[in-house]
Amino acid sequence: MQTTIKKILLAKCVLAGSFAAMLTVIGPALAEDNIESNGIVHDAEFYVLKAQNGERWAAEDVDLKAKLADLRQKHGTPPNLIHIMWDDTAYGDVGMPGVQRIRGFETPNLNQMAQDGMMFARMYTEVGCTPSRAAASTGRLAVRSGMYNIGMLLESHGMGAEEVTIAEVLSRAGYATAFHGKWHLGDIEESYPHNQGFDEAFFTGYNQILSLNSVEAEQGNAQIGLFEDMLPENPFKLDDTFVTKDWVQIAEGTKDGETLQWGDNTLKTYEAIDPEAQRRSLAFIERNAKAGKPFYLANWPMMSSFLPIRPKCSQSRSLLQDGLQCNVDPFVGELLAKLEELGIAENTLVIAMADNGPMSHNPPPGTGFAETIFRGGKGDFLEGGVRVPAFAWWPGMIKAGQIPEDMIHITDLFTTFASLAGAMDSIPGDRVIDGIDQTALLLNGRTNGRRDYTFTYAGPRLGAVIKGNYKRHMISPDPIGEASGIPAAFYFLPSDPREVQPMLTPLIHLKRPFNRMVLRHNLWKEKYPDSHEKYGIPWTGIANASDELKAHANPKLVLQDLPFDPLEYIEHLDQLPFDANLDPSLGQ
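Residues numbered from 1 in each chain as written. Predicted model: local features only at pLDDT ≥ 70, side-chain atom pairs only at ≥ 80, totals over all residues. Heavy atoms only, no water.

## Some points on the overall build of the chain
Link 1 in the chain: Scanning the chain from N- to C-terminus turns up 18 helices and 18 strands.
Link 2 in the chain: For 588 residues, the compact-globule estimate of 2.2 N^0.38 gives 25 Å, and the C-alpha radius of gyration of the chain, at 24 Å, lies within 12% of that figure.
Link 3 in the chain: Along the longest, intermediate and shortest principal axes, the C-alpha atoms of the chain span 75 × 60 × 50 Å.
Link 4 in the chain: Put simply, the chain has 588 residues, and 57% of those count as buried.
Link 5 in the chain: Contacts in the chain between residues far apart in sequence, at least 24 positions, make up 70% of those at least 6 positions apart.
Link 6 in the chain: About 23,800 Å² of surface is accessible on the chain, with carbon and sulfur atoms providing 54% of the total.
Link 7 in the chain: Across the chain, the mean location of the 52 positive side-chain charges is 7 Å away from that of the 75 negative side-chain charges. (Helix = DSSP H or I, 4+ residues; strand = E, 2+ residues; numbered from the N terminus. Rg over C-alpha atoms; globule rule 2.2 N^0.38 Å. Buried < 20%, exposed > 50% of the residue type's maximum accessible area, 1.4 Å probe, protein only. Contact = heavy atoms within 4.5 Å. Areas by Shrake-Rupley, 256 points an atom, 1.4 Å probe, with all protein chains shown as cover. Lys, Arg positive; Asp, Glu negative; His and termini not counted. Charge placed at Lys NZ, Arg CZ, Asp CG, Glu CD.)

Pasting the structure below:
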């Protein structure tokens, strides 16, 4: 620790030009005795804020704890926690009826939820579904857990067992925990949600492309070559091991219990995933409410199919809008009504949100993805990729009708949930936790947030940094300026929310502050290095596995005829190039 602090102090000395200034501003904030009293290690930037606001926050926390204690005395348990998260939705597409009129659909239940609670103006996520889900689960930027790679069919990867999830943290505090829906955090056994702390799980290892892994999609060339038995015989085919033979579309399991494939890999099974997940979620809520046990529920719906077979239900006639209007929104309405019916609404926090911005680059036909207020979409570090619709609902605790401009990040849910549950001591202290406790924002409202910064990664590479209303693209749209060290990569977001007017002269004074901020972030990572993605044989431990599925672990090859182990490649998957110089896809 001391070595890292000395490096940070030295760097600050160089940047600030004053050792005294360095000690005053950053030294005490990063000292060992200023790490959170419960052992949590945050990103370096948090301590800059804490040094200036810590006394006020501590005083606020006394009142917040008293309020939560009164609630617990009234209901007999800490609050229930529900996290609903769907895919790829632009800010404004949900919660804003005027925007929806233009877009040709409606979500009355989600819109009412926004009116009855809090609609965040600045909820930030990661750039894609796997990294956002990893961030929500661990309270850490996805780059820290190595989960920035969006997994596809038989990716042979997943979240490592050493990661500590919110389910594990809450389980230690006596919560019942359940996961239902799109997990998308890997297809190796240690990554299954019931092996990551959930008492029960009903989950997919992949995304909505599963709906195209079907004979119907093959018939229409929406999927090409996956189902070889449907194709004319290829007289030139030499390798029968290249194309995938079998996988698991949806699985179920219990903590310390067996894992089973649920259904099969047909489109019929895919269409049954969300109805079954919703049924299980409502049953889980009712079962634990009647038992008087606090619970944490994550329902992350598949929402839609990429194969347009469902009836059109919105004026938009698009897959995204139909999925929101006729799948996610009715479920949210049913869930909130169930909480009221069971008499636990006042003791239940519900967060509903998108996992990232719209798939505006190369989307499947007819999906309806589009940019709204912000430029960019899924995969971008632009606001359109990472600033999403998000709502918090908690009758009697969250004042209705709020639209706070305070910044909040998806990792903050992890720490906030732990705080509300009284489980902060179960958060590990041997790694950086990016999530900040935002209980004050939820319960005290606008201007009470405790974050004014985000770091947005494009894969393993830092793409952009935000501090307050200022943003700097670290992957610059001005390569000539970047090469010379003075890129026009600075933005003032209130006047340029689409990030189309990079400024050089008016904002060049921010170069040094952003450099200092990134340097602190990187030096802190030297002390707490990023983990690596885990690799392995996909879909092991499935009790009812097919012979084809088992063959992934036991390839049907004459081993003595091969000069290598056919499974050796798994140990080297991390060597596949992730080209940091690829086009960062800055939108149109």
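That covers the picture; the talk isn't over yet.
## So, the environment of Ile 102
Link 1 in the chain: With respect to the helices and strands, Ile 102 occurs in helix α5 (residues 97-103).
Link 2 in the chain: Taking the C-alpha atoms as reference, Ile 102 lies 52 Å from Leu 567; in sequence the two are 465 residues apart.

## Focus: the state of the cysteines
Link 1 in the chain: Evaluation of the coordinates by the stated rule reveals one disulfide.
Link 2 in the chain: Bridging Cys 313 to Cys 326, the disulfide has an S-S length of 2.1 Å. The chirality of the disulfide connecting Cys 313 with Cys 326 is right-handed, given an S-S dihedral of about 125°. Pair noted here: Cys 313 is in the loop between β9 (295-300) and α12 (319-342) and Cys 326 is in helix α12, with a separation of 13 residues, a long-range link.
Link 3 in the chain: Cys 313 sits in the partly exposed class, given a relative accessible area of 28%. (Disulfide = S-S within 2.5 Å.)

## Brief notes about helix α7 (residues 129-138)
Link 1 in the chain: Counting buried residues along α7, 10 of its 10 residues qualify, which places the element largely inside the surrounding structure.
Link 2 in the chain: If you check which residues of α7 are buried, you get Cys 129, Thr 130, Pro 131, Ser 132, Arg 133, Ala 134, Ala 135, Ala 136, Ser 137 and Thr 138.
Link 3 in the chain: On its buried side, α7 packs onto β1 (80-86), α8 (142-145), α9 (166-171), β5 (176-182), β9 and α14 (411-420).

## Some details on the packing of helix α6 (residues 108-116) against α12
Link 1 in the chain: Direction vectors running N to C along α6 and α12 enclose 50°, while the axes themselves pass 7 Å from each other. One element, α6, and the other, α12, form an angle in the oblique class. In this structure, α6 uses Pro 108, Asn 109, Leu 110 and Met 113 to contact α12, whose residues at the interface are Val 328, Asp 329, Pro 330, Val 332, Gly 333 and Leu 336.
Link 2 in the chain: Classifying every residue of the contact of α6 with α12 by side-chain character gives seven nonpolar, two polar and one charged. (Axes fitted to C-alpha atoms, helices over the stretch in contact; angles between N-to-C directions. Parallel < 35°, antiparallel > 145°, perpendicular 65-115°, else oblique. Nonpolar A, V, L, I, M, F, W, Y, C, P; charged D, E, K, R; others polar.)

## Notes on the sheet that holds strand β16 (residues 470-473)
Link 1 in the chain: Strand order across the open sheet formed by four strands is β14-β15-β16-β17, with antiparallel pairing between neighbours. Of all the strands in the sheet, just β14 (453-458) and β17 (490-492) have a single pairing partner and so form its edges. The sheet shows a mean angle of 20° between the axes of neighbouring strands, direction not considered.
Link 2 in the chain: Relative to strand β15 (residues 461-467), β14 runs antiparallel, the two sharing six bridges. Bridge assignment links Phe 455 to a residue of β15, and that residue is Val 465. (Pairing = 2+ DSSP bridges.)

## So, the sheet that holds β1
Link 1 in the chain: Strands sit in the order β2-β12-β10-β1-β9-β5-β6-β7-β8 across an open sheet of nine strands; the sheet is mixed. What marks the edges here is a single partner per strand, and that holds for β2 (118-119) and β8 (259-261).
Link 2 in the chain: Helix-sheet contacts for α6 involve β1, β2, β10 (348-354) and β12 (390-393), and the interaxial angle to β12 is about 60°.
Link 3 in the chain: Running over the sheet, α7 touches β1, β5 and β9 and is turned about 170° from β1.

## Digging into a nonpolar patch on the surface
Link 1 in the chain: A contiguous nonpolar surface patch, about 220 Å² in accessible area, is contributed by Val 215, Met 230 and Leu 231.
Link 2 in the chain: Assignment of secondary structure puts Val 215 in helix α10 (residues 215-219). (Patch = residues over 30% accessible without salt bridge, like charges linked within 9 Å, V, L, I, M, F, W, Y side chains within 5 Å. Salt bridge = Lys/Arg side-chain N within 4 Å of Asp/Glu carboxyl O.)

## Let's talk about the nonpolar core
Link 1 in the chain: Grouped together as the largest cluster of nonpolar side chains are 112 residues, with contacts concentrated most on Trp 86, Leu 335, Leu 339, Leu 349 and Trp 539.
Link 2 in the chain: If you tally residues by element for this core, the top one is α12, at eight residues.
Link 3 in the chain: For Trp 539, the residues in contact, after removing those within four places along its chain, are Leu 154, Asp 187, Tyr 192, Phe 203, Gly 205, Tyr 206, Trp 247, Val 248, Ala 251 and Leu 549.
Link 4 in the chain: The next biggest cluster of nonpolar side chains, apart from the first, holds 23 residues, and it includes Ala 44, Trp 57, Val 143 and Val 518. (Core = buried A, V, L, I, M, F, W, Y, C linked by side-chain atoms within 4.5 Å.)

## Quick look at the pairing of β5
Side-chain direction in a regular strand flips from residue to residue, so the side chains alternate between the two faces of the sheet.
Link 1 in the chain: The buried count for β5 comes to seven of seven residues, which makes it a mostly enclosed element.
Link 2 in the chain: As paired elements, β5 and β9 share six bridges and run parallel to each other. Among the inter-strand pairings, Phe 179 is bridged to a residue of β9, identified as Ala 298.
Link 3 in the chain: Both β5 and strand β6 (residues 200-204) contribute to a ladder of five bridges, which runs parallel.

## Quick notes on the packing of aromatic side chains
Link 1 in the chain: As enumerated under the stated definition, the model contains 22 aromatic pairs in all.
Link 2 in the chain: Put simply, the rings of Phe 179, Trp 183, Phe 198, Tyr 296, Trp 300 and Phe 417 pair up and form one aromatic cluster.
Link 3 in the chain: The positively charged end of Arg 451 is found above the aromatic ring belonging to Tyr 453, 5.0 Å away from the centroid. (Phe/Tyr/Trp six-rings, centres within 6.5 Å; stacked < 30°, edge-to-face > 60°. Lys NZ or Arg CZ within 6 Å of the ring centre and 35° of its normal.)

## Points about the confidence of the model for the chain
If pLDDT is low for a region, its predicted coordinates should not be looked at in detail.
Link 1 in the chain: Scored by pLDDT, the chain comes out at a mean of 90, with 90% of its residues at no less than 70.
Link 2 in the chain: Taken as a whole, residues 1-34 scores under 50 in pLDDT and shows 52 contacts with residues more than four places along the chain or in a different chain. (pLDDT = per-residue confidence, 0-100.)

## Structural notes on the environment of Ile 82
Link 1 in the chain: Note that Ile 82 resides in strand β1.
Link 2 in the chain: Put simply, Ile 82 and Phe 295 are 213 residues apart on the chain and 8.1 Å apart in space, counted from C-alpha to C-alpha.
Link 3 in the chain: Those residues in contact with Ile 82 that lie beyond four places of it in its chain are Ile 285, Phe 295, Leu 297, Leu 335, Leu 339, Thr 348, Leu 349, Val 350 and Ile 351.

## Here we look at the pairing of β16
Link 1 in the chain: Where β15 lies against β16, four bridges are found, and the strand directions are antiparallel. Within β16, the residue paired with Ile 466 across the bridge is Lys 471.
Link 2 in the chain: Connecting the antiparallel pair β15 and β16 is a turn made up of two residues, with Gly 468 showing a positive phi of about 60°.
Link 3 in the chain: Where β16 meets β17, three bridges bridge the pair, whose relative direction is antiparallel. Counterpart to Arg 472 in the pairing with β17 is Phe 490.

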